[in-house]
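# Report on the structure
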Amino acid sequence: MSVEDGGMPGLGRPRQARWTLMLLLSTAMYGAHAPLLALCHVDGRVPFRPSSAVLLTELTKLLLCAFSLLVGWQAWPQRSPPWRQAAPFALSALLYGANNNLVIYLQRYMDPSTYQVLSNLKIGSTALFYCLCLRHRLSARQGLALLLLMIAGACYAAGGLQDPRNTLPGPPPAAAASPVPLHITPLGLLLLILYCLISGLSSVYTELLMKRQRLPLALQNLFLYTFGVLLNLGLHAGGGPGPGLLEGFSGWAALVVLSQALNGLLMSAVMKHGSSITRLFVVSCSLVVNAVLSAALLRVQLTAAFFLATLLIGLAVRLYYGSR
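Residues numbered from 1 in each chain as written. Predicted model: local features only at pLDDT ≥ 70, side-chain atom pairs only at ≥ 80, totals over all residues. Heavy atoms only, no water.

The name given to the protein chain in an unreviewed UniProt entry is Probable UDP-sugar transporter protein SLC35A4, and the organism recorded there is Carlito syrichta.

Okay, here's the thing in structure tokens:
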């Protein structure tokens, strides 16, 4: 049984249990990201530069990978690895960096709700590149499962959570009285399509790279996050004046950075031993965690759209990984 059939080839029960635990942890960390970020807000705003959080997350990943190799948690190659194998990871870092910046620019050409709904198209683009680049064929049942994931994400984004008391961090009351109408410009649509294509390509390209190279995962991550730190350091330095690197950070912010760093390492393991499709299901299932934590910590209400999205996600998982 392959990963995409719901299992790992040749894994015994203990290793299968560890694999399942890893996926559950990653799902929880993905889902906790937005609620934890909301807890960092001061007067309705994030008190630190977003580029600082991204840079510190990449740096934490890099240090954890280096530590893993130094203490022998993962074996160093018997022969010195050819360092030219590090070069392809520069493209991965560049693609991820481009996507992170596109998310910011997209907000100028559409309202947030439109972005949240249409960005689910990256599920389709990931599946497309998965089939083209890795030469995997998806059955009609698997294709339907991915379509259900896209619909579930759109349902959740369209109204899965509701805050009738306006306690969630957001625009000031004057702006809240005049909500931004739904809109998207032609340039915004073009950029959104580009965002979805880059998102799918970056995921599948990284998976292909990690599986083709016969190197320890920690060493591959060391290559990837070295380029990631350099790229984000340049973006942070070129971002103009603003708060310092650690200015505005709190215990919640440190937890956001640490959880995202650990989740990045878990996702790299999924990419090497699982697939980009597995990653899509982890991200989609994290919506349920996000909603439950938001309801518990931020006092928002779950709506019918959330329960519909949860039902569709469960059905998608059953269709894709269930027995034939």
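## Observations concerning the overall build of the protein chain
A count of helices and strands for the protein chain gives 12 helices and 2 strands. Taken from N to C terminus, the helices and strands of the protein chain fall in the order α-α-α-α-α-α-β-α-α-α-α-α-β-α. Across the 324 residues in the protein chain, those meeting the buried criterion constitute 43%. Put simply, 89% of the contacts in the protein chain that link residues at least 6 apart link residues at least 24 apart. Summing over all exposed atoms, the protein chain offers an accessible surface of approximately 17000 Å²; the carbon and sulfur share of this is 67%. (Helix = DSSP H or I, 4+ residues; strand = E, 2+ residues; numbered from the N terminus. Buried < 20%, exposed > 50% of the residue type's maximum accessible area, 1.4 Å probe, protein only. Contact = heavy atoms within 4.5 Å. Areas by Shrake-Rupley, 256 points an atom, 1.4 Å probe, with all protein chains shown as cover.)

## Notes on the packing of aromatic side chains
Per the stated rule, a full pass over the model turns up 6 aromatic pairs. Consider the rings of F281 and Y320, whose centres lie 5.2 Å apart with planes at 55°: the pair is tilted. Of this pair, F281 sits in helix 11 (residues 276-297) while Y320 sits in helix 12 (residues 304-321), placing them 39 residues apart in sequence. On the basis of relative accessibility, which here comes to 4%, the residue F281 falls in the buried class. The buried category is assigned to Y320, whose relative accessible area is 0%. Centre to centre, the rings of F281 and Y321 are 5.1 Å apart; their planes meet at 65°, and the pair counts as edge-to-face. Remark: Y321 occurs in helix 12 and F281 occurs in helix 11; sequence separation between them is 40 residues. Joined through ring pairs, the aromatic side chains of F281, Y320 and Y321 make up one cluster. (Phe/Tyr/Trp six-rings, centres within 6.5 Å; stacked < 30°, edge-to-face > 60°.)

## Some points on the packing of helix 8 (residues 186-212) against helix 10 (residues 251-273)
Between helix 8 and helix 10, whose axes approach to 8 Å, the crossing angle comes to 70°. Looking at the two axes, helix 8 sits roughly perpendicular to helix 10. The two elements helix 8 and helix 10 meet at a crossing, and its hand is right-handed. Of the residues in helix 10, those touching helix 8 at S203, T206, E207, M210 and K211 are S268, M271 and K272. Split by residue class, the contact of helix 8 with helix 10 holds 2 nonpolar, 3 polar and 3 charged. (Axes fitted to C-alpha atoms, helices over the stretch in contact; angles between N-to-C directions. Parallel < 35°, antiparallel > 145°, perpendicular 65-115°, else oblique. Left-handed = near helix turned anticlockwise from the far one by under 90°. Nonpolar A, V, L, I, M, F, W, Y, C, P; charged D, E, K, R; others polar.)

## Re the packing of helix 1 (residues 13-39) against helix 11
Two elements in contact, helix 1 and helix 11, have axes whose closest approach is 7 Å; the angle formed by their N-to-C orientations is 45°. Regarding the angle of helix 1 to helix 11, the classification is oblique. Crossing hand, helix 1 versus helix 11: right-handed. Within the contact between the two elements, helix 1 uses L23, S26, T27, A28, Y30, G31, A32, A34, P35 and L39 and helix 11 uses T278, R279, V282, V283, C285, S286, V289, N290, L293, S294 and L297. Its residues assigned to classes, the contact of helix 1 with helix 11 comprises 13 nonpolar, 7 polar and 1 charged.

## Overview of helix 12
In this model helix 12 runs 26 Å from its N-terminal to its C-terminal C-alpha over 18 residues, within 8% of the 26 Å that 1.5 Å per residue would give. If you check which residues of helix 12 are buried, you get F306, A309, L312, I313, A316, L319 and Y320. The arc enclosing the buried residues of helix 12, seen along the axis, measures out at 150°, which places them on a common side. Along helix 12, exposed side chains directed more than 90 degrees from the buried face belong to A304 and L311. On the buried face of helix 12, the contacting elements are helix 6 (140-159), helix 11 and strand 2 (301-302). (Expected span 1.5 Å × (residues − 1). Arc of directions from axis to C-beta.)

## A word on unusual backbone geometry
The phi dihedral of R135 is positive, around 55°, even though this residue is not glycine. Residue position: R135 is located in the loop between helix 5 (121-134) and helix 6. Taking the relative accessible area as the measure of exposure, R135 reaches 75% and is therefore exposed.

## Section: the environment of H136
Position of H136 among the secondary structure elements: in the loop between helix 5 and helix 6. In contact with H136, other than residues within four places in its own chain, are Y130 and C131.

## Examining the confidence of the model for the protein chain
When pLDDT is averaged along the protein chain, the result is 83, and 87% of the positions lie at 70 or above. The least confident element of the protein chain, judged by mean pLDDT, is helix 7 (residues 173-176) at 41; the most confident is helix 5 at 93. Note on residues 1-10: pLDDT under 50 across the span, and 29 contacts to partners over four residues away in sequence or across chains. Under a pLDDT of 50 for its full length, residues 167-178 has, in the predicted model, 9 contacts with residues more than four places off or in other chains. (pLDDT = per-residue confidence, 0-100.)

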